[in-house]
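Residues per chain, in single letters:
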Amino acid sequence: MDWFLNLTAAEKTYFIIAVVASVFLIIQIIMMLFSFGGGDFDVDDVFDGDVDTDGGLSIFTVKSMTAFFALGGWCGFVSQTFMPENLWAPILIAFATGAAALFGVAFAMRSIAKMQCSGNLVKSNLVGTTATVYVSIPEGRTGRGKITLTAQGKYMEIDAVTDGERIPVDSTVEIVEYSSDFAVVKKNNN
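First, a word on what this report is: a plain description of the structure on this page. Please read these numbers as outputs of a predicted model, since none were measured by experiment.

A look at the packing of helix H2 (residues 9-33) against helix H4 (residues 62-82)
Running from N to C, H2 and H4 point in directions that differ by 145 degrees, and their axes come no closer than 7 Å. The chirality of how H2 crosses H4 is left-handed. Counted by class, the contact of H2 with H4 contains 16 nonpolar, 7 polar and 2 charged residues.

Structural data, given as structure tokens:
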């Protein structure tokens, strides 16, 4: 504890800011790794408000501000230690590295958000798609068969009915309508 008492006031300030922000940063990382707070509520939603830029980039979020103070605090502490007589250089170094961390985290979060996919099936996109009959489809909607297809980046199997005559296995069909839980298909004559 003697080493802390021997620090200058500026070094103590940088050190305290860096330690507190680093603890918050570690807590955020642990929460992200174990999906705490991964529900409908995100702490960043509270603080983003009207700060979003035109590109949808949220700069002043809890994550980015924590990174700003953690990295800025540590860089300010180290630079103040090596330049004890100079007050402004460590402040500028702390601010510059903190700003780099702030924007780096903001851009990283934006990139991660762009990669997210809900995985939900967009039924309207299936109309006009070609599929293969997996289980024969009875005529005139008297029962359901199954079709297989690759759509929206994934392989899927869907219940299907037809308004026409029975469609045998391995026939090629076209989806003409998608109802609540099944597709209406017609046989391709190609």
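Section: a nonpolar patch on the surface
A cluster of nonpolar side chains, namely Ile16, Val19, Val20, Val23, Phe24, Ile27, Met31 and Trp74, defines an oily patch on the protein surface of about 660 Å² accessible area. Broken down by element, the residue count for the nonpolar patch peaks at 7 residues, all from H2. Inspection of the secondary structure puts Val19 in helix H2.

Details of H2
With 25 residues, H2 extends 36 Å between its outermost C-alpha atoms, agreeing within 8% with the 36 Å of an ideal straight helix rising 1.5 Å per residue. Taken together, the buried positions of H2 are Glu11, Tyr14, Phe15, Ala18, Ala21, Ser22 and Gln28. Taken together, the buried residues of H2 touch helix H1 (2-5), H4 and helix H5 (88-115). Backbone geometry just after H2 places Ser35 at a positive phi near 60 degrees.

Details of the sheet that holds strand E5 (residues 183-187)
The strand order around the closed barrel built from 5 strands is E1-E2-E3-E5-E4, with neighbouring strands paired in mixed fashion. Strand after strand, the sheet turns through a mean of 55 degrees between neighbouring axes, direction not considered. Two strands pair when backbone bridges link them, and strand E1 (residues 130-135) and strand E2 (residues 145-151) are joined in this way by 3 bridges, in the antiparallel orientation. Bridging across to E2, Val135 finds its partner in Lys146.

Digging into the environment of Ser58
Inspection of the secondary structure assignment puts Ser58 in the loop between helix H3 (43-48) and H4. Classification of Ser58 by relative accessible area gives buried; the value is 19%. Taking C-alpha positions, Ser58 is 9.7 Å from Val105, a pair spaced 47 residues apart along the chain.

Side note on the packing of aromatic side chains
In total, this model carries 8 aromatic pairs according to the counting rule given. An angle of 85 degrees between the planes, with centres 5.8 Å apart, marks the rings of Phe15 and Trp74 as edge-to-face. Placement of the pair is Phe15 in helix H2 and Trp74 in helix H4, with a sequence separation of 59 residues. On the basis of relative accessible area, Phe15 is assigned to the buried category, the value being 18%. Ring plane angle 85 degrees and centroid distance 6.3 Å describe the contact between Trp74 and Phe77, whose orientation is recorded as edge-to-face. A residue pair is termed a helical-turn pair when its members lie 3 or 4 positions apart in one helix, as Trp74 and Phe77 do in helix H4 at 3 residues. Residue Trp74 is classed as partly exposed on the basis of its relative accessible area, which comes to 33%.

Definitions and cut-offs
Residues numbered from 1 in each chain as written. Predicted model: local features only at pLDDT ≥ 70, side-chain atom pairs only at ≥ 80, totals over all residues. Heavy atoms only, no water. Axes fitted to C-alpha atoms, helices over the stretch in contact; angles between N-to-C directions. Helix = DSSP H or I, 4+ residues; strand = E, 2+ residues; numbered from the N terminus. Left-handed = near helix turned anticlockwise from the far one by under 90°. Nonpolar A, V, L, I, M, F, W, Y, C, P; charged D, E, K, R; others polar. Patch = residues over 30% accessible without salt bridge, like charges linked within 9 Å, V, L, I, M, F, W, Y side chains within 5 Å. Areas by Shrake-Rupley, 256 points an atom, 1.4 Å probe, with all protein chains shown as cover. Salt bridge = Lys/Arg side-chain N within 4 Å of Asp/Glu carboxyl O. Expected span 1.5 Å × (residues − 1). Buried < 20%, exposed > 50% of the residue type's maximum accessible area, 1.4 Å probe, protein only. Contact = heavy atoms within 4.5 Å. Pairing = 2+ DSSP bridges. Phe/Tyr/Trp six-rings, centres within 6.5 Å; stacked < 30°, edge-to-face > 60°.

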